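Coordinate inspection notes
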Amino acid sequence: IILVCTGATWIMAPGKGNYATAGGSTPLASDTFDRANNADLGTSWDVVTGESSFQITSNTAEPSLFNSDCSESNNSVSWPNDQYSQAKVTVVGTTADAGDGVLVRAATGARTFYRAVVNKAGSDNIEIAKFVAGTYTKLANRTQAWTDTDVLRLEAIGTTLKVYRNGTQMGADISDSAISSGRPGVNQSGPVTSGFLDDWEGGSIP
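Residue positions are counted from 1 within each chain, in the order its sequence is given. Residue-level local features of this predicted model are given only where pLDDT is at least 70; pairs of side-chain atoms are given and counted only at 80 or more, and the full residue set underlies all totals for whole chains, interfaces and linings. Water and hydrogen atoms were dropped before computing side-chain values, which therefore reflect all heavy atoms in the structure.

A word on unusual backbone geometry. In this structure, Pro 191 follows Gly 190 across a cis peptide bond, with omega equal to 10 degrees. What counts as a helix is a DSSP run of H or I of at least four residues, what counts as a strand is a run of E of at least two, and both are numbered from the N terminus. Looking at the element boundaries, Pro 191 is found in the loop between strand E17 (183-189) and strand E18 (194-204). Despite not being glycine, Ser 58 shows a phi value in the positive range, around 50 degrees. A positive phi angle is found at Asp 199, which is not glycine, with a value near 50 degrees. Looking at where Asp 199 falls in the secondary structure, it is placed in strand E18. We classify Asp 199 as partly exposed; its relative accessible area is 31%. Only protein chains enter the area calculation, which uses a 1.4 Å probe; residues under 20% of their type maximum are buried, those over 50% are exposed, and those in between are partly exposed.

If you want it as structure tokens, here you go:
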């Protein structure tokens with residue numbers, strides 16, 4: 001693997017060896033967020049239209065407002081339509097359909113994306129939803145005990161969405177054809193008491 005730094009994000013570029021991960025997906029960019037506290041994630045990240053921003057706090061990506069929806073997409077590579085986004089999630093909160101997580105196929109210039117967020121409620125604590133030109137639709141809920149720093153992963157493959165915790169798929173595939181392309185990134189659905197993301201990764205799914 002050859003690692004190329006563009007702004008604040010390390011991109012995995014073709015090199016010697018096979019860098020495809022288990023299941024056939026290929027990481028294309030990652031961010032550990034290990035840098036000085038800043039009100040901005042850096043040049044490799046763009047705030048999604050209609051949402052609030054993330055910031056760097058104690059080497060993590062933290063929403064700028066815990067009572068608001070916050071989203072940023074990664075601009076460091078040309079993203080394929082079939083993609084994944086994953087990160088370690090730490091969160092405090094039990095409000096329905098709120099939490100911290102990841103997004104895929106985020107548009108530029110519109111509030112359009114698929115997201116998966118998690119909180120600490122006893123049931124239905126993981127939500128998969130979409131925004132299309134600012135219109136919100138819940139797609140599914142999952143119930144899964146969550147330990148801080150577990151990895152939440154969302155995949156979009158054609159018209160199929162899959163959500164995972166630590167590499168294990170949670171529930172059945174979800175079918176939706178509303179959004180066909182865009183960028184992966186990070187997300188919060190407010191309100192939460194507190195939360196942050198670490199060790200983000202995005203990539204392609206052949």
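Let us keep going from here.
Right, let's talk about the packing of aromatic side chains for a bit. Pairing of aromatic rings covers Phe, Tyr and Trp, the last through its six-membered ring, and needs centres within 6.5 Å; plane angles under 30 degrees mean stacked, over 60 mean edge-to-face, and all others mean tilted. Throughout the structure, instances matching the rule amount to five aromatic pairs. Seen from their ring centres, Phe 33 and Trp 45 are 6.1 Å apart, and the 40 degrees between their planes marks the pair as tilted. Taken as a pair, Phe 33 in the loop between strand E3 (26-31) and strand E4 (45-47) and Trp 45 in strand E4 lie far apart in primary sequence, 12 residues in all. We classify Phe 33 as buried; its relative accessible area is 0%.

Turning our attention to the pattern of salt bridges. Should a side-chain nitrogen of Lys or Arg be within 4 Å of a carboxyl oxygen of Asp or Glu, the pair is scored as a salt bridge. What the rule picks out here adds up to 14 salt bridges. Measuring nitrogen to oxygen at the nearest pair gives 2.7 Å for the salt bridge that ties Glu 51 to Arg 111. Residue Glu 51 is located in the loop between E4 and strand E5 (54-57), and its partner Arg 111 is located in the loop between strand E9 (99-106) and strand E10 (113-118); the two are separated by 60 residues in the primary sequence. A salt bridge links Arg 165 to Asp 150, with the shortest nitrogen-to-oxygen separation between them at 2.8 Å. Here Arg 165, found in strand E14 (residues 160-165), pairs with Asp 150, found in strand E13 (residues 150-157); they are 15 residues apart in sequence, far enough to count as distant. Taken together, the salt bridges that share partners define one network made up of Glu 51, Asp 69, Arg 111, Arg 115 and Glu 127.

The next subject is the nonpolar core. It is characteristic of soluble globular proteins that their nonpolar side chains tend to be buried jointly. Residues enter a nonpolar core if they are buried and are Ala, Val, Leu, Ile, Met, Phe, Trp, Tyr or Cys, with the set joined through side-chain atoms within 4.5 Å. Of all hydrophobic cores here, the largest spans 35 residues; its most connected members are Leu 41, Ile 128, Leu 152 and Trp 200. Membership of the second largest hydrophobic core comes to five residues, among which are Val 48, Ala 106, Phe 113 and Phe 131.

What follows covers the environment of Asn 141. Tracing the sequence through the fold places Asn 141 in strand E12 (residues 135-142). Between the C-alpha atom of Asn 141 and that of Ala 129, which follows or precedes it by 12 residues, the distance is 8.8 Å. A contact between two residues is defined here by any heavy atoms of the two lying within 4.5 Å. Those residues in contact with Asn 141 that sit more than four places away from it in its chain are Asp 97, Asp 124, Ile 126 and Glu 127. Engagement of the side chain of Asn 141 in a polar contact is seen with the backbone oxygen of Asp 124, the distance being 3.5 Å. Throughout this description, a polar contact denotes any pair of N or O atoms lying within 3.5 Å of each other; where both atoms belong to protein, one of them has to be capable of donating a hydrogen while the other can accept it, and for residues adjacent in sequence the pair is counted only when both atoms sit in side chains. A distance of 3.1 Å separates the side chain of Asn 141 from the side chain of Lys 138, its partner in a polar contact.

Moving on: the pairing of E13. In terms of burial, E13 is a largely internal element, six of the eight residues being buried. Here strand E8 (residues 83-92) runs beside E13; their pairing, made up of seven bridges, is antiparallel. Across the sheet, the residue bridging to Gln 86 is Arg 153, located in E13. Strands qualify as paired when DSSP identifies two bridges or more between them.

Glancing now at the pairing of E3. In terms of burial, E3 is a largely internal element, six of the six residues being buried. Bridging between E3 and E18 involves five bridges; their strand directions are antiparallel. The partner of Thr 26 across the bridge, within E18, is Ser 204.

Interpretation note: all reported values are geometric properties and have no functional meaning in isolation.
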